[in-house]
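# Analysis of the macromolecular model
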Amino acid sequence: MAGYELPADWPDVDCSEFIESAGLRWHVQLRGEGPDLLLLHGTGASSHSWVPMARLLESDFRVIAPDLPGQGFTELAPAAQCSLTGMSRAIGHLLHDLDAKPVVIAGHSAGAAIAASLCLRGSLNPQSVVSINGAMLPFGRAAAPVFSKAAQLLAASPVFTQLVALHAVPRKPVERMLRQTGSNTPPEMIRCYRDLLGKPRHVAATLRMMANWDLEQLEANLDRLNPALTLLVCDKDSVVLPAQGEELARRLPGSELHRIAGLGHLGHEESPEWFAKQIQKAAAPR
């Protein structure tokens, strides 16, 4: 499919497969054998974000890391399918087609909200959900509808998405954007973000996801979350502040909160070893 071809030098391209499910052509990286581990990336990223950590976990799990609809190399979905509910439903179908029953779901940023939504919908019942700098509470509640409407308008503008993509291609703007997350992103990851942000479709999908994201219903139901919840927060995260993880830990008495110093929003890319160990702990028999 034009515009969705994987570059030959994409990280661990030999683990990549294209799978038809829920009306979409998905790019999924699959590796390893053992109990299923589902990894869900955040807004504007792709499965490449998990590669350093997945390399450490493939000896213990069958690691499943899809690109979310429209992002990375997965086909762009209609706007309704880019909502939290729509994405959760589509990923549920994908996992059914893969005959996957994850024992752990780990989500980064918005991926953590999708992980929780999958469990609350009854689609999956893993042993644990691991939230990495998870964005599971509404940002700026009063302003949220305004930002949503703005994102809808921008996502519908091919001129805007082309301009964003053209601006992002040079290395320095991408490095500057990644530094603003509080992270010191490794060169291999920077190269991938440059490639993704140079694609108007990826930019449009990111905006479409933002435009259709509503965390209020998720927030109202988080106390019904059945799997054990592990909250991993990075002290230098300037995108989802550590205070959000602390608030969730207070609200959900059965959850565990672990903080790591010196890392930002993309901490799992900076220190994959630490995060891999936390996932292994979450998968241990209880």
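Rules behind the numbers
Residues numbered from 1 in each chain as written. Predicted model: local features only at pLDDT ≥ 70, side-chain atom pairs only at ≥ 80, totals over all residues. Heavy atoms only, no water. Buried < 20%, exposed > 50% of the residue type's maximum accessible area, 1.4 Å probe, protein only. Helix = DSSP H or I, 4+ residues; strand = E, 2+ residues; numbered from the N terminus. Pairing = 2+ DSSP bridges. Right-handed = clockwise from strand over helix to strand, strands pointing away. Lys, Arg positive; Asp, Glu negative; His and termini not counted. Salt bridge = Lys/Arg side-chain N within 4 Å of Asp/Glu carboxyl O. Polar contact = N/O pair within 3.5 Å; in protein donor to acceptor, adjacent residues only side chain to side chain. Contact = heavy atoms within 4.5 Å. Core = buried A, V, L, I, M, F, W, Y, C linked by side-chain atoms within 4.5 Å.

### Things to note about the pairing of strand β3 (residues 36-40)
Note on strand geometry: in a regular strand, side chains alternate between the two faces of the sheet. Of all the five residues making up β3, five are buried; the element is thus mostly covered by neighbouring parts of the structure. Where burial is concerned, the two faces of β3 agree: the one with D36, L38 and L40 and the one with L37 and L39 are both buried. Here three bridges tie β3 to strand β4 (residues 62-66), and the two strands are oriented parallel to one another. Bridge assignment links D36 to a residue of β4, and that residue is R62. Between the parallel elements β3 and β4, the chain passes through helix α1 (residues 51-57) in a crossover that is right-handed. Two strands pair when backbone bridges link them, and β3 and strand β5 (residues 102-108) are joined in this way by five bridges, in the parallel orientation. Bridge pairing in β5 places L40 opposite G107.

### Overview of the side chain of D67
Following the sequence through the fold, D67 ends up in the loop between β4 and α2 (84-97). Here D67 is buried and forms no salt bridge, its nearest opposite-charge partner R201 lying at an N-O distance of 7.4 Å. A distance of 2.8 Å separates a polar atom in the side chain of D67 from the backbone nitrogen of F73. The residues contacting D67, other than those within four sequence positions of it, are W26, H27, H41, S46, S47, G72, F73 and T74.

### Looking at the pattern of salt bridges
On inspection of all chains with the given rule, the structure shows eleven salt bridges. Ionic pairing is found between R62 and D36, a salt bridge with its closest N-O pair at 2.7 Å. With R62 in strand β4 and D36 in strand β3, the pair connects residues that are 26 residues apart, well separated along the chain. Linking E246 and R259 is a salt bridge whose minimum nitrogen-to-oxygen distance equals 1.9 Å. Of the two residues, E246 sits in helix α10 (residues 242-251) while R259 sits in strand β8 (residues 256-260), which places them 13 residues apart along the sequence. Exposure remark for E246: the relative accessible area of 25% places this residue in the partly exposed category. Overall, the relative accessible area of 40% leaves R259 in the partly exposed class. Here the salt bridges do not stand alone but share partners, grouping D12, R31, R55 and E188 into one network.

### Considering the pairing of strand β6 (residues 128-132)
With five of five residues buried, β6 lies mostly within the body of the structure. Neither face of β6 is exposed, since S128, V130 and I132 on one face and V129 and S131 on the opposite face are all buried. Where β5 lies against β6, five bridges are found, and the strand directions are parallel. Paired with A106 across the strands is V130, a residue of β6. The handedness of the β5 to β6 crossover, carried by helix α3 (residues 110-120), is right-handed.

### Considering the environment of G254
By the element assignment, G254 lies in the loop between α10 and β8. It is 9.6 Å that separates the C-alpha atoms of G254 and P227, two residues lying 27 residues apart in sequence.

### Section: the environment of L39
Within the fold, L39 resides in strand β3. Note on L39: relative accessible area 0%, which makes it buried. L39 sits 24 residues away from V63 along the chain, and the two C-alpha atoms are 7.4 Å apart. Excluding its chain neighbours within four sequence positions, the residues that come into contact with L39 are W50, M53, A54, V63, I64, A65, P66, A106 and I279.

### With respect to unusual backbone geometry
In this model, A22 sits at a positive phi of 55°, which is unusual for a non-glycine residue. Positive phi, close to 50°, is recorded for D99, a residue that is not glycine. Inspection of the secondary structure assignment puts D99 in the loop between α2 and β5. Overall, the relative accessible area of 56% leaves D99 in the exposed class.

### Quick notes on the nonpolar core
L38, I91, I114, M136, W213 and L218 are the most contacted members of the largest nonpolar core, which totals 43 residues. Mapped onto this core, the elements with two or more residues apiece are β2 (24-31), β3, α2, α3 and β7 (228-234). Looking at this core, the element that brings in the most residues is α3, giving nine residues. Counting residues in each nonpolar core, the second largest holds 23 residues, with L39, V104, A276 and I279 among its members.

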